[in-house]
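So you can see what is in the structure, the chains are spelled out below.
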Amino acid sequence: MAKAISTKAKASTKAVATNGSAKNGALAKSNGTAKNAVPASKPVAVAKATTPNAKKTVSGKSFKTVKMNYGGKEVTVDLTSEYNMKGFSKETIKNWYKLEHLGRRLDDKAALYLKMAKGWSYHAPFAGHDGIQLALGQVFRPSKDFLFPYYRDFLTSLSAGLTPEEIILNGLSKDTDVAGGGRHMSNHFAKPSINVQNVSSCTGNHSQHAAGLARAVKKYKGDEVVYYSGGESACAEGYFYEAIAASDLDKSPVIYVIQNNKFGISVPLEQVSSNLNVSDNFIGFKNLKIIQCDGKDPFDSFRALEEAIKYCKSGKGPAMIHAECDRIGSHSNSDKQDNYRIDEELQAVYRRDPLLQFRYHVLNNKIMTEKEILEVEEENKQAIFEAADKAEAAPKADGNSWREFIFPDPYVTKEQNTEVAIDPNAPKLTFLEGINYALKQEFRRNPNTYMWGQDIGKGGVFNVVKGMPQEFGKDRVFNAAIAEDMIVGTANGFTRYRDDIRVVIEGAEFADYFWPAMEQYIELAHEYWRTRGQNTPNVTLRLASGGYIQGGLYHSQNLEATLATVPGVRIVQPAFADDAIGLMRNCVRSKGPSMFLEPKYLYNFKAAMSPTPPDDFIIPFGKAKVRRKGDDITIVTYGTGVHLSIFAAEELEKEGVSVEIIDLRSIIPWDKETVLEAVKRTGRCIVVHEDRVTAGFGGEISSTINQFAFNYLDAPVLRVGSKDCHVGFAKEYETAVLLNVKDVKEAVLATMKF
C-alpha cells in the first residue's frame, strides 16, 4: 500500500461536486425525459450490506467476503481493497463515488452504442482500473499540469475534466469532439485546451512525449507535473525504456502511471515477463522512485500519487506508480476473453469489482444512506441522458475537411519574394559552414531554440554544429543517448510547453540509423492533422544522408522516398550553401515538423560553396530554382544530383545539347509548376537523384509529368539514379553502384534519340 498522507482537509481537493459545479458540469440533475436508455452491467439499485463471512486470503493478504442486496438480489463481494478513507472529507468521498459510478455507467453506455451500431467502434472498458484512474484525474490540475492518457483511460479523462458530453462526442466520432473532431480512434479521449493530450494508438509511445515535455518543465523551472498513463504491456516496448532512461537522466518531473491488469489483450503477463510486477524491471534507474498501490482503491492510489508528486517536485527525479488492477471486461470490443480466461478466474474478478467495494464502504462507514446513493445514481443517469441527447444531435465529422491541418502555415511563402539577391562579393561559405551559420543565427534570434543529438557536445560527427555548445551552453545544445526514437520523441514533447519553442535535432548521426525513430517520425507527421491544429510539434530534424564517402552499407543510404510517403512533414534537400541557409531559416521559424536532409558529400565540396546571403534571405518551401537554362531537355534533380547534372550538362553542351537543370530544393512540397513549365517548353525530361531508381522519388515526379504534360513530350521521361543494390564498402562497389556523371549523360543522349 502507498504511504499514508496527512489527514488534513487537502485530501478533499478537486472532488466532483454533487450539484455539478466542479469539473464535470454535466452532472447536474435533469427532470426532463430523454430518449436514451442507459444499460448497466449490474443493476442500479439499493446496496445493503449483510453479515460478512469468514475472512479469506489472496496474495498473502486477508480479506472478508460480504453478501449485499444489490439490484433486488443477493450478490457476493470480496473486500480485497482497503478503502482507507482517513483524511478524506465526507463530501470528497461522496463526490468520488458519484464520479466513479458516472464513469462506469458511461462505460456501459459506450458498449450499448456499439451494439446499436451507432458508434464507438473501438471500446476498451476500464472496469477494474477504477481507483487509479479516478485518483489520477483528481491530482491532475487542468490547464496547469500535462496528462497523457491511454486508450483505456475513460475514467481518468472524466475525472481530469472532460464532461460526459465530450466523452460521448469522442465515442461517436463527432465533428465537435474536442480531441480532434473524429480524426482519431474512438476511446482515445483528449482535451488539449486543458492539457489532456491527444495520444497515439501506438501503445506506450506517448511516454517519449511525456519525457520530452517534462524536460522542458525542468529547463524552464516550472512547477507543472507531467503524467504518463499506460498499461503494463507497453512497458516492454523499447521506446518506453528509452523514455524512462531520458527522464531519469534529466531528473525531470514526470510520473509514469502503470495500470497493471496482467493481460496484453489475450497474452498473460507471466508468458512475456519474468516480473509480474513490471515496475521491478526498472529498479536499476537510480533517480526513479517506484511506488506501489492498489489500482482498484482510489484512496490508496491518491496517496501514492501525492507521494510521487512530492518526490518529483523535490527535483530528485521522476516517479513510477505501479497500480495493481483487474481487467473485468475483455480487452476491447474485438476481443472475447472467455476464449482464454477460465470462469473461476473471471468470477473472482467480478466479486472484487471496485465499484461494489466502494459502495459497501460508503454504506458501512455511513458516508451516504441508501436513499442518497440512489439519488446520486439517478443524477448520473439523467446527466448521461442529457449528454447523449446533445452528442447524438451534434454534426458528423466532415470528411471533406481532410485537406485541413496537413501542414501549418510556413514562416514565408512563395508570394512573399523573400529569396532576395545575394551580393556576389560576400564571403563564401562551404555547404557545411552555411548550415552552421544559419543555425547559429537562429539560436541567437530565438533564445527558446534547443538542440540535442548524438555527439552534439563536440560539434557533431562532421562538425556541422561546431562552436554551438560553447556559444549557447549545454542547457540548450547537448548530447543525447544513442536512442534515435527518444531523440525524436522527446523533441515532440518538448515543444508542447511553449509555442515559441523550436527544437533542432540531429535525428541520427547518419540517415542510415534513423530507422528506429520512424514510429516517432510518424507521430510528428500527424500530430497537427490528428488534433485539428491543437498540437503543432515545431521540430526540425537534420540528417546527414547519401554516399560518396566510402561509408558502406550503413553510411550511404538516402531516405527521402520513404519519408515522403508520410504526409505532414516538409522535406528539403539543398545543394548549395546559400540554399542551405535560406531553407534552414524557414524550417526553424515555421510551425510544424521539417526534415532537413544534408548530402554529406557536399559538406566541403567546392562546387557547393556560395556567397553568404543577407539576413532577410529565406527560401520558401516548394520553390525550385533553375540552375541552368536550356532548350533541348530538362533535368529535374535535387541534392548531389544537381552537381552531377551540371557536370554532365557542361560536357553535353560541347556536343550541341542544351540542357535545362531544375533544382527542386524542396521535396515535400515540390514545385510542380516550374517543372511542368520547363518540360512543356523542352519536350524532353529526365529525373536524376542519388537514391536508387526503384521506388525513388523520381517516380513521383515522372508520374506527374506524364499526367499533366504528356501531350508536350517528344520522348518518355527517364529516371536516373543509383543501382538497385546496397552500397558496398570497397571503393569499387561504391563507384559501380552510386549515381555518376556518366549515368546522367547517357540518359540525356538516349532521350535525345527519340
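Reading guide: rules and limits
Residues numbered from 1 in each chain as written. Predicted model: local features only at pLDDT ≥ 70, side-chain atom pairs only at ≥ 80, totals over all residues. Heavy atoms only, no water. Helix = DSSP H or I, 4+ residues; strand = E, 2+ residues; numbered from the N terminus. Contact = heavy atoms within 4.5 Å. Expected span 1.5 Å × (residues − 1). Buried < 20%, exposed > 50% of the residue type's maximum accessible area, 1.4 Å probe, protein only. pLDDT = per-residue confidence, 0-100. Core = buried A, V, L, I, M, F, W, Y, C linked by side-chain atoms within 4.5 Å. Pairing = 2+ DSSP bridges. Axes fitted to C-alpha atoms, helices over the stretch in contact; angles between N-to-C directions. Right-handed = clockwise from strand over helix to strand, strands pointing away. Salt bridge = Lys/Arg side-chain N within 4 Å of Asp/Glu carboxyl O. Parallel < 35°, antiparallel > 145°, perpendicular 65-115°, else oblique. Left-handed = near helix turned anticlockwise from the far one by under 90°. Phe/Tyr/Trp six-rings, centres within 6.5 Å; stacked < 30°, edge-to-face > 60°. Lys NZ or Arg CZ within 6 Å of the ring centre and 35° of its normal.

### Overview of the environment of Asn604
Structurally, Asn604 is set in the loop between strand 18 (594–599) and strand 19 (610–611). Residues contacting Asn604, with those up to four places away along its chain left out, are Thr430 and Leu432.

### Some remarks on helix 6 (residues 238–250)
Look at helix 6: 18 Å from first C-alpha to last across 13 residues, which is about the 18 Å you get at 1.5 Å a residue. Along helix 6, the residues classified as buried are Tyr239, Phe240, Ala243, Ile244, Ala246, Ser247, Asp248 and Asp250. Elements in contact with the buried residues of helix 6: helix 5 (206–219), strand 6 (226–231), strand 7 (254–260), strand 11 (319–324), helix 13 (484–494) and helix 14 (518–530). Where helix 6 ends, the next residue or the one after it, Lys251, has phi of about 55°, a positive value.

### Notes on the confidence of the model for the protein chain
Considering every residue of the protein chain, the mean pLDDT works out to 92; 92% of them sit at 70 or more. Across residues 1–52, confidence stays below pLDDT 50; counting only partners more than four residues off in sequence or on other chains, it has 153 contacts.

### Comments concerning the nonpolar core
Ranked by size, the top nonpolar core spans 79 residues in total, and within it Trp452, Phe514, Met595 and Ile705 carry the most contacts. With 6 residues, the single largest contributor to this core is helix 5. With sequence-adjacent residues up to four places away left out, Met595 is seen in contact with Phe514, Tyr521, Leu541, Leu543, Leu563, Val569, Arg570, Ile571 and Val572. Grouped together as the second largest cluster of nonpolar side chains are 63 residues, Ala110, Ile194, Ala304 and Leu305 included.

### Description of the sheet that holds strand 5 (residues 146–148)
Reading across from one edge, 5-6-7-11-10 is the order of the 5 strands in this open sheet, with parallel pairing throughout. The open sheet terminates on both sides in strands that have one partner only, identified here as strand 5 and strand 10 (289–294). Taking the axes of each pair of neighbouring strands and ignoring which way they run, one obtains an average angle of 20° across the sheet. Pairing geometry for strand 10 and strand 11, over 6 bridges, is parallel.

### Structural notes on the sheet that holds strand 13 (residues 449–453)
Taken in spatial order, the 7 strands make up an open sheet running 14-13-15-16-18-17-23, and their pairing is mixed. Among the strands making up the open sheet, the edge pair consists of strand 14 (477–479) and strand 23 (666–668). Within the sheet, the average angular offset between the axes of one strand and its neighbour, ignoring direction, is 20°. Pairing of strand 17 (residues 570–572) with strand 18, which is carried by 3 bridges, proceeds in the parallel orientation. Looking at the pairing, Arg570 lines up with Ser594 of strand 18. Sheet strands touched by helix 16 (residues 577–589): strand 13, strand 15 (502–506), strand 16 (539–545), strand 17, strand 18 and strand 23. Its angle to strand 18, the strand with the most contacts, is close to 155°.

### Concerning the pairing of strand 7
In summary, the side chains of a regular strand alternate between the two faces of the sheet. Judged by how many residues are buried, strand 7 sits mostly within the fold: 7 of 7 residues are covered. Alternating positions in strand 7 separate into two faces, Val254, Tyr256, Ile258 and Asn260 on one and Ile255, Val257 and Gln259 on the other, with burial throughout. By the bridge criterion, 6 bridges tie strand 6 to strand 7 in an arrangement that is parallel. Bridged to Gly231 within strand 7 is Gln259. Read from strand 6 through helix 6 to strand 7, the crossover connection turns out right-handed. Taken together, the 6 bridges between strand 7 and strand 11 define a ladder with parallel strand orientation. For Asn260, the partnering residue across the bridge sits in strand 11 and is Glu324.

### Brief notes about the pattern of salt bridges
A complete count under the given rule lists 47 salt bridges for this structure. In this structure, the salt-bridge partner of Arg496 is Glu527, at a minimum N-O distance of 2.8 Å. Taken together, the residues span a long stretch of sequence, with Arg496 in the loop between helix 13 and strand 15 and Glu527 in helix 14 at a distance of 31 residues. Judged on exposure class, the residue Arg496 and its partner Glu527 are both buried. Close ionic contact of Arg681 with Glu660 constitutes a salt bridge, the shortest N to O distance being 2.8 Å. Of this pair, Arg681 sits in helix 18 (residues 672–682) while Glu660 sits in strand 22 (residues 659–663), and the two are 21 residues apart along the sequence. Where salt bridges share partners, they join Glu419, Asp579, Lys623, Arg627, Asp663 and Arg665 into one cluster.

### Digging into the packing of helix 9 (residues 354–364) against helix 10 (residues 370–393)
Contact geometry for helix 9 and helix 10: axes closest at 10 Å, N-to-C directions at 140°. Put simply, helix 9 runs oblique to helix 10. Between helix 9 and helix 10 lies a crossing of right-handed hand. Together, Arg359, Val362 and Leu363 of helix 9 and Glu370, Ile373 and Glu377 of helix 10 make up the contact between the two elements.

### Here we look at the packing of aromatic side chains
Per the stated rule, a full pass over the model turns up 39 aromatic pairs. Measuring from ring centre to ring centre gives 5.5 Å for Tyr83 and Phe358, while their planes differ by 40°; the resulting arrangement is tilted. One end of the pair, Tyr83, is in the loop between strand 4 (73–79) and helix 1 (90–115); the other, Phe358, is in helix 9, and 275 residues separate them in sequence. Each of the two residues, Tyr83 as well as Phe358, counts as buried. Between Phe282 and Phe285 the ring centres are 6.4 Å apart and the planes differ by 25°, which places this aromatic pair in the stacked class. A network of ring pairs unites the aromatic residues Tyr83, Phe88, Trp96, Tyr97, Phe299, Phe302 and Phe358 as a single cluster. When the ring centre of Trp529 is taken as origin, the NZ or CZ atom of Arg183, which lies over that ring, is 4.3 Å away. Stacked on the ring of Tyr311, the Lys or Arg Lys289 has its end atom at 5.7 Å from the ring centre.

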